[in-house]
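Now for the letters of each chain:
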Amino acid sequence: MIYTRELTDLPLDYDDQEDQLIRTGKSLPSFSRLLRDMFRMRRESTEVIIAVMITAVAGTLYPLSLGYAINSVIRRDYTGLYLFASGFFLLYVVQFFSNWLRTVSSTKLAQSTIKSLRDRSFQNLQHVPVSFFSKVKTGYLISRITNDAETLSEFLTFQLPQVVSGITTVLVSISIMFYKDFSLTLYALIVIPVLAGFTFSIQGRVRLNYLKTRKTIAAITGNLSENINAVRTIKAFNVEQRIQGNFNELNVKNFEANMKASKLSSLYGTVIRIIESLGIAVVIIAGSMQLQSGVTTVGILVAFVIYVQEFFDPVVQLSQLYNSYQSAMVGVSRIYGIIDSPVETMPGGTGRKREFRDSIELSDVSFSYGTDQALNGIGIRIARGEKVGIVGHTGAGKTTLSNLILKFYSPTNGSVTLDGVSMDEINTEDYRKLIAPVLQDPFMFRGTVYENIRFADSTVSRETVDDMARKFGLSEIFAGLPDGLNTNVGEMGRNLSEGQRQAISILRAFVRNPEILILDEPTSQIDPDSEKLIIASLREYLKDKTLILITHRFSMISLVNRIVVLQEGGLVEDGTFGELLDRKGIFSELYRIQYGPVDRYPI
Amino acid sequence: MKDRVKLRLERIIGVMGPLLFSLAFLDKRKKYLWIVISAGFISMVSRMFVPLLIGDAVGSLQKLQYSSVEHFALLIVLASAVSGAMQFIVNYGAQYLSQVYSYNLRNDVFGHILRKNVGFYENQTSGDLLSRTTMDIEATRNYILTTLAQLIPTIFMIGFSFVALLILKVEFAAIFTLTVPVLILVGLIFQQKQRTHWRHIRIYYGLMNEHLQENIVGNRVVRGFSAEKQEIDKFSETTEQFFQENMGIGRLRGKYNNMMPLIVGAAATIVLLYGGFVSIINGSNIGPLVSAVNIFSIISFPVSFLGRMIVFSENSKASIMRINEIRTLEKEEELSALPEIYPNGDLSFRDVSFRRGDREILRNISFEIRVGEFVGLTGRTAAGKSTLVNLIPGFSKPSSGMILIGDKQLNAFPLSSLRKAVAIVPQEITLLSGTVRDNIAFGNMNADDDEIKQSAAIARISDFIESLPLKYNTVIGERGITLSGGQRQRVAIARAILTKPGYLILDDATSSVDPETELEIFRNIKKEMTHTTVILVSHRESALKFADRVLKLTDGQISAVPDFKKAEEELSTRPEHHDIHAGVDRFATGL
Ligand SMILES: Nc1ncnc2c1ncn2[C@@H]1O[C@H](COP(=O)(O)OP(=O)(O)OP(=O)(O)O)[C@@H](O)[C@H]1O
Ligand SMILES: Nc1ncnc2c1ncn2[C@@H]1O[C@H](COP(=O)(O)OP(=O)(O)OP(=O)(O)O)[C@@H](O)[C@H]1O
Ligand SMILES: [Mg+2]
Ligand SMILES: [Mg+2]
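Being a predicted model, the structure only gives us computed values, none of them experimental.

*Asks:* I keep staring at the domain arrangement of chain A and nothing clicks. Help me out?
*Replies:* Put simply, an interface is often sized by how much accessible area is lost when its parts join up. As far as domains go, chain A holds domain 1 (1-180 + 332-344), domain 2 (182-295) and domain 3 (438-551). Using C-alpha coordinates to define each centre, domain 2 of chain A is positioned 56 Å away from domain 3 of chain A.

Next up, the structure:
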């Protein structure tokens, strides 16, 4: 099976990884790596920590100053009241500035971290082996790099500083409380074990619920993305109702998962509120007893009541943070997964075109995408300047062969060499500067026709493009476009006809003026008249160039001086046009079919 | 000036906009809304009692009335319990309503997406549609949840705080009244300054998405042309701009967001000083003072929350606008309004023209295809062949003229019947992730294994499928990435054949298939699907020679290729050449 056989060497089994992470809650390694990444920005991280500490300390001092102010009122001490009330306000002012600093520097810290994660994963995607992309879904990668990175933003900007501040608040307030009144503090802390026990006991369930909501929403997104892209097919087959039904099913699942999760989290909020009030009640009763025995003052008691309340805020926040911590960690570990995906090993490059002197040689090359052998013991030597045609039935392995020559894949067995040097020892970039491919599926980027043709090299002038198009007889194909070559091609080139896309893809390769051209059915969607013009100019253009041409259309065969025939992954014929025609093998059969009448070839 | 005030007021009221929008999607569950709001009310009332009770408790302690303290403690717990229980209803109910909302809205929007005509998709990027249907819906859901669970209770709370302060001391309430407009003003200024940043963030986010999509799907082009560095730079430029915009917001947030608690703090200090002095002078109970300061400290968070909600509401309203743009009826098709009639009969085009903007792609085209005919359609690249065949299943409508099946015009048929009768294999093939069977049976889920195998055999893909270890259960990757070009096309042909269409359109559907396999496919179609009318679009003679006759599209007009059969006879009788140049040149001239 194509898919499972490929999954075996997947760098990371993404879905399972997420599953496991949430189920076990083991997210520490990713978290500490993230922190290390962040702490690399020394200045910002120091600023955040200092600002958070100041805020937290100021926050914990203010009940105290309030308490003193009230004591002053009771003592009828005007200056005291004035002093402590000013202190009270000053603390707000301090908090204002420290929060300001914190917000700005934590935004900077968070956003640069996110930018760096995005840039690094994008960079890595440029260097992973091509096979990576047939294993991992596009939507998956996009949503990691955009969406998941974005969830980090909330977490890093607000929530992480909040954790630090929460912990600081709790520690500072407890110390102050102990300092002020040891035994009353013990009373105030009585509810902590209850709170902790309750929180821990439901955490596992919370995680699982959360996992379920995430999975169901991911299923919805995946379904939407696929259906939006396949909307023409859906319409063509008139299956809107079925598709809507499937979508509804996923939608219902998501609804149910969310409601289940919500029941627990709503209950949690309620219980916390009650535990908090119990804490306050305990402090008041214990405080009143201590007041009676004259150990404490009313002001201190007020401060304690506020402490208990304040104390619960970070705790409640922390427990709400839990989900967002989980999702941030799942996101970040998946981004790290992309960053860590093994890249193609590449020997050092020169940054220049590699020289091509003699030949490209495939010796005893076998290749498999998984278990099936796509190519089997292929041996071909393509000399510099030679023009080779590759012919064979559909699925024979022609594109696969070109993929090996393009270094998109490496052979499972045997070797591909350039001037006798193994491909493994050649820097990919230097090598690819020699080549220009026309791939079987023309791919268009957003932008104009010009931009697409000059995709690889923006130094190519428009005049050159125009000249090339004229020279290869392709200008007429673009003549019908509303703004000529300045027309926008639309997403995936949808505003163009298929043949126009192919023409762009051809020009894109030709303006590169490469030494080696690899054309995979370049004119399959182009009309014979235009094709003839292309062929006529190609002859001149190809002088001194090496050509590898995959084609089913023998009109192009006149360009090559040698033909190689593939059959089920094996090389079965190799020779000139005349030789192969005489041999009466696969090639001559294909040729006859194309040019003979229908009736001559019964099935 | 007056207008500006009005605008500002509208923005403040606008925080409820998304909730009003959601009403349409709550159907009969609207009544729960009142339960949630009332629960929020009770919860807040009981919660307000807590600081009051604390104040009373402290007051009685000050008066050395220790015995009543336990009584107050009990009341505190009781009030909290009531408030907690109500809070449960609020949270759960708000979640429930917001989920009902997003559930219904999602289904609704998805329905619209499926009904949009092909023209709609020509001007849309899939990334944008996806973000409208996922992110925007989720953003509004979140906002509605917050409105119900927090905003409405907060408004109650602020109201009660005012009442409580009024009861405690009129002056406290007056101080409070002064702070509220200041806070709202700060919130509005903040919101205004943020606005452009948010707009830009949306744009850059979209760019990032689109760039990624292209880079990944087009990864072979990027590599093949060693454009990796250039791509990295381009991406990094976008992320840099994204970063800058976020920093812009961060700076504003730093200033304005934190200003709100400062304003509340200033008010609290004034209360403390004023109340303190009064209390010292009068020797009155400090209970009310403690309560008042406590109230201020409690509302400091909700108040700054209110400021943030104004900003959120802006974003959420922008999302609603984007969602509503899909929900208009524009460019939508009615799939099955008319009674089901199965199209049957000759297909004829009468004076059909089609224009795209001011370009006329098809001009007064008239032709007729009889039932069961196999007709070829050729023409130069970009001549408009695909445009023409796309008119038949009603993907687009002719600008003028009419298309008939039998004696009925196309629009006399419901689209669903029409598309059941017409199957098209497009030039650009979309396979879906799933198994080979899922893909072939896409248009006819009721087909049994034999039928599936039979269509695969006609499309000449069965041998390949049988050679796979899991055969029809093999999962093909995204967009059929694990298949060769010709294999993808043949799966798509099998998929079309399985629907047993009356009219089969093959739009260059064998361009990546070798001539021998192609021959077998057409042979099979001719033999097995005798009642099916076939239109074959192709550039290749080897394909066109299967056609009973060939039409050619030139400059938007159609002409029959004269003596097509004869021309072909002539070619076939020519001697075999070994001189390839002569052969090729003769052939490359086309029809
Ligand atoms: N990414 C992939 N993963 C797994 N199998 C693949 C992949 N790409 C191709 N194959 C398989 O390898 C075999 C050879 O495919 P290849 O694309 O080289 O054929 P081809 O000769 O170019 O055919 P066509 O003329 O139809 O384009 C096919 O059986 C195909 O299913
Ligand atoms: N979605 C679209 N938006 C704008 N223009 C379009 C769109 N689709 C096609 N066109 C234009 O309409 C003209 C005809 O295109 P069409 O796809 O019908 O040609 P075709 O004959 O099928 O060509 P090919 O042989 O290349 O498939 C082209 O100039 C093309 O650029
Ligand atoms: Mg191929
Ligand atoms: Mg076309």
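On we go from here.
*Asks:* Sorry if this is basic, but what is going on with the nonpolar core here?
*Replies:* Burial of nonpolar side chains together is a common tendency in soluble globular proteins. By size, the foremost hydrophobic cluster in this structure holds 124 residues, and its most contacted members are Phe349, Leu388, Ile440 and Ile525 of chain B. When residues of this core are assigned to their parent elements, the largest contribution, 11 residues, is made by helix H4 (residues 67-115) of chain B. Setting aside residues no more than four positions away along its own chain, Ile440 of chain B makes contact with Ile452, Ala456, Ile465, Tyr472, Val491, Ala494, Arg495 and Leu498 of chain B. Residues Val416, Val438 and Ala503 of chain A together with Val221 of chain B belong to the second largest nonpolar core, which totals 94 residues.

*Asks:* Mind showing me how you'd approach the coordination of the magnesium ion (ligand 4) here?
*Replies:* Under perfect tetrahedral coordination by four donors, a metal shows angles of 109.5 degrees; under perfect octahedral coordination by six donors, it shows angles of 90 or 180 degrees. All names here are of chain B. Around the magnesium ion (ligand 4), the protein contributes the donor atoms Ser386 (OG) and Gln427 (OE1), at 1.9 to 2.2 Å from the metal centre. Of the two residues, Ser386 sits in helix H11 (residues 385-389) while Gln427 sits in the loop between strand E6 (422-425) and strand E7 (434-435), which places them 41 residues apart along the sequence. Judged by its relative accessible area of 16%, Gln427 is buried.

*Asks:* What's the story with the sheet that holds strand E3 (residues 374-379) of chain B in this structure? I'm lost.
*Replies:* Two pairing modes exist for strands in a sheet, parallel and antiparallel, and in both the strands are linked by backbone hydrogen bonds. Residues and elements named next belong to chain B. Ordered by their spatial adjacency, 6 strands build an open sheet running E6-E9-E10-E3-E11-E12, and the pairing between neighbours is mixed. Each having just a single partner strand, E6 and strand E12 (557-560) make up the two edges of the open sheet. Mean inter-strand twist for the sheet, computed between neighbouring axes without regard to direction, equals 20°. Two strands pair when backbone bridges link them, and E3 and strand E10 (residues 533-537) are joined in this way by 4 bridges, in the parallel orientation. Paired with Leu377 across the two strands is Val537, which belongs to E10.

*Asks:* Honestly, the pairing of strand E2 (residues 359-369) of chain B in this entry has me stumped. Any pointers?
*Replies:* Looking down a regular strand, the side chains alternate between one sheet face and the other. Residue and element names in this part refer to chain B. Examined bridge by bridge, strand E1 (residues 347-356) and E2 share 7 bridges and lie antiparallel to one another. If you follow Phe349 over to E2, its bridge partner there is Phe367. Once E1 ends, the chain turns through 2 residues before running back antiparallel as E2, passing Gly357 with a positive phi of about 60°.

*Asks:* Would you explain the environment of Gly575 of chain A in this entry?
*Replies:* One can find Gly575 of chain A in strand E10 (residues 570-575). Along the sequence, Gly575 of chain A and Val564 of chain A sit 11 residues apart, while their C-alpha atoms lie 6.6 Å from each other.

*Asks:* Could you clarify how one ought to interpret the site of ligand 2 in this entry?
*Replies:* The immediate surroundings of ligand 2 are formed by 21 residues, with Ser497 and Gly499 of chain A together with Lys385, Ser386 and Thr387 of chain B found nearest. One finds residues of chains A and B in close proximity to ligand 2. Within the contact set of ligand 2, a nitrogen atom lies 3.3 Å away from a side-chain nitrogen or oxygen of Arg356 of chain B. Contacts to ligand 2 include Arg359 of chain B, whose side-chain N or O atom sits 3.3 Å from a nitrogen atom. Look at ligand 2: alone it shows 630 Å² of surface, and the protein chains cover 92% of it. Where the shell around ligand 2 is concerned, the elements lending two or more residues are helix H18 (498-510) of chain A together with E2 and H11 of chain B. For the shell around ligand 2, the residue count by class is 5 nonpolar, 10 polar and 6 charged.

*Asks:* Teacher, can you tell me more about the site of ligand 1 here?
*Replies:* Lining the immediate environment of ligand 1, one finds 24 residues, of which Thr399 and Thr400 of chain A together with Ser484, Gly486 and Gln487 of chain B sit closest. In the environment of ligand 1, an oxygen atom lies 3.2 Å from a nitrogen or oxygen atom belonging to the backbone of Ala396 of chain A. Contacts to ligand 1 include Gly486 of chain B, whose backbone N or O atom sits 2.7 Å from an oxygen atom. If ligand 1 stood free it would expose 630 Å²; the protein chains cover 93% of that surface. A breakdown of the residues in the shell around ligand 1 according to their chemical character gives 7 nonpolar, 13 polar and 4 charged.

*Asks:* Where do I start with the interface of chain A and chain B in this structure?
*Replies:* At the junction of the two partners, chain A supplies 182 residues and chain B supplies 183 residues. With both sides pooled, the region where chain A packs onto chain B buries about 17100 Å², and carbon together with sulfur makes up 65% of that total. Linking chain A to chain B there are 9 salt bridges. A salt bridge links Asp441 of chain A to Arg488 of chain B; its shortest N-O distance comes to 2.7 Å. Between the two partners, chain A and chain B, sit 44 residue pairs in polar contact (both at pLDDT 80 or more). When grouped by side-chain class, the residues that make up the side of chain A that touches chain B number 88 nonpolar, 52 polar and 42 charged.

*Asks:* So what exactly am I meant to see when it comes to the pattern of salt bridges here?
*Replies:* Pairing is possible between side chains that carry opposite charge, provided their charged atoms lie close to one another. Following the criterion strictly, the structure yields 42 salt bridges over all chains and no others. One salt bridge connects Lys115 of chain A with Glu240 of chain B, and the closest N-O pair in it is separated by 3.9 Å. Remark: Glu240 of chain B occurs in helix H9 (residues 228-282) and Lys115 of chain A occurs in helix H5 (residues 78-125); the pair is interchain, linking two chains. On the basis of relative accessibility, which here comes to 13%, the residue Lys115 of chain A falls in the buried class. Its relative accessible area of 31% is what places Glu240 of chain B among the partly exposed residues. For the salt bridge of Lys500 of chain B with Glu451 of chain B, the shortest nitrogen-to-oxygen distance reads 2.7 Å. Remark: Glu451 of chain B occurs in helix H14 (residues 449-458) and Lys500 of chain B occurs in the loop between helix H16 (485-498) and strand E9 (503-507); sequence separation between them is 49 residues. A cluster of three or more residues bridged by salt bridges with shared partners is formed by Asp37, Arg40 and Arg120 of chain A.

*Asks:* Can you walk me through the coordination of the magnesium ion (ligand 3) in this structure?
*Replies:* Residues and elements named next belong to chain A. Within the protein, the magnesium ion (ligand 3) binds to Thr399 (OG1) and Gln440 (OE1); these donor distances fall in the range 1.9 to 2.2 Å. Of this pair, Thr399 sits in helix H13 (residues 398-405) while Gln440 sits in the loop between strand E6 (435-438) and helix H15 (449-453), and the two are 41 residues apart along the sequence. By relative accessible area, Thr399 is classed as partly exposed at 26%. Residue Gln440 is classed as buried on the basis of its relative accessible area of 14%.

*Asks:* Quick question: what am I supposed to make of helix H7 (residues 138-180) of chain A here?
*Replies:* For the α-helix, the turn length of 3.6 residues means that residues three or four positions removed from each other point alike. Taking 1.5 Å as the rise per residue, H7 of chain A with 43 residues should run 63 Å; its terminal C-alpha atoms sit 60 Å apart, in good agreement. Leu156 of chain A marks the point of greatest bend in H7 of chain A, at about 40°.

*Asks:* Help me understand the sheet that holds strand E4 (residues 400-405) of chain B in this model?
*Replies:* Residues and elements named next belong to chain B. Strand order in the open sheet formed by 4 strands is E2-E1-E4-E5, and the pairing between neighbours is antiparallel. At either end of the open sheet lies a strand with only one pairing partner, and these are E2 and strand E5 (408-409). The sheet contact formed by E1 and E4 spans 5 bridges and is antiparallel. Bridge pairing links Ser353 to Ser400 in E4.

*Asks:* Can you walk me through a nonpolar patch on the surface in this structure?
*Replies:* All names here are of chain A. A cluster of nonpolar residues, Ile50, Ile54, Leu90 and Val94, forms a patch on the protein surface that exposes about 330 Å² of accessible area. Mapped onto the secondary structure, Val94 falls in helix H5. On the basis of relative accessible area, Val94 is assigned to the partly exposed category, the value being 32%.

*Asks:* Please clarify how the packing of helix H9 (residues 191-229) of chain A against helix H11 (residues 240-292) of chain A should be interpreted in this entry.
*Replies:* A packed helix pair is summarised by two numbers, namely the angle formed by the two axes and the spacing between the axes. All names here are of chain A. Two numbers describe how H9 lies on H11: the axes approach to 9 Å, and their chain directions differ by 160°. One way to sum up the angle between H9 and H11 is to call them roughly antiparallel. The two elements H9 and H11 cross, and the hand of that crossing is left-handed. Partitioned by chemical class, the residues of the contact of H9 with H11 number 21 nonpolar, 10 polar and 4 charged.

*Asks:* How should I be thinking about the confidence of the model for chain A in this particular structure?
*Replies:* Parts of the prediction with low pLDDT should not have their coordinates interpreted in detail. Residues and elements named next belong to chain A. Scored by pLDDT, chain A comes out at a mean of 81, with 91% of its residues at no less than 70. For residues 1-13, every residue scores under 50 in pLDDT, and the model assigns this stretch 28 contacts once sequence neighbours within four places are set aside. A low-confidence stretch, residues 598-603 stays under pLDDT 50, and its non-local contacts, those more than four residues away or across chains, total 17 contacts.

*Asks:* Would you mind going over unusual backbone geometry with me for this structure?
*Replies:* Of all residues except glycine, most have a negative phi; of all peptide bonds, most are trans. Look at Asp419 of chain A: it is not a glycine, yet its phi comes out positive at around 50°. Locating Asp419 of chain A in the fold gives a position in the loop between strand E4 (413-418) and strand E5 (421-422). Among the residues examined, Asp419 of chain A registers a relative accessible area of 23% and is labelled partly exposed. With phi around 65°, Ala382 of chain B is a residue other than glycine that occupies positive phi space. Structurally, Ala382 of chain B is set in the loop between E3 and H11.

How each quantity is defined
Residues numbered from 1 in each chain as written. Chains lettered and ligands numbered in written order. Predicted model: local features only at pLDDT ≥ 70, side-chain atom pairs only at ≥ 80, totals over all residues. Heavy atoms only, no water. Domains from an automatic or database assignment. Core = buried A, V, L, I, M, F, W, Y, C linked by side-chain atoms within 4.5 Å. Buried < 20%, exposed > 50% of the residue type's maximum accessible area, 1.4 Å probe, protein only. Helix = DSSP H or I, 4+ residues; strand = E, 2+ residues; numbered from the N terminus. Contact = heavy atoms within 4.5 Å. Donors = N, O, S within 2.8 Å, 3.2 Å for Na, K, Ca; no water. Pairing = 2+ DSSP bridges. Axes fitted to C-alpha atoms, helices over the stretch in contact; angles between N-to-C directions. Near = heavy atom within 4 Å. Polar contact = N/O pair within 3.5 Å; in protein donor to acceptor, adjacent residues only side chain to side chain. Areas by Shrake-Rupley, 256 points an atom, 1.4 Å probe, with all protein chains shown as cover. Nonpolar A, V, L, I, M, F, W, Y, C, P; charged D, E, K, R; others polar. Buried area = accessible area lost by both parts, 1.4 Å probe. Salt bridge = Lys/Arg side-chain N within 4 Å of Asp/Glu carboxyl O. Expected span 1.5 Å × (residues − 1). Bend = angle between axes of the 7 residues up to and from the residue. Patch = residues over 30% accessible without salt bridge, like charges linked within 9 Å, V, L, I, M, F, W, Y side chains within 5 Å. Parallel < 35°, antiparallel > 145°, perpendicular 65-115°, else oblique. Left-handed = near helix turned anticlockwise from the far one by under 90°. pLDDT = per-residue confidence, 0-100.

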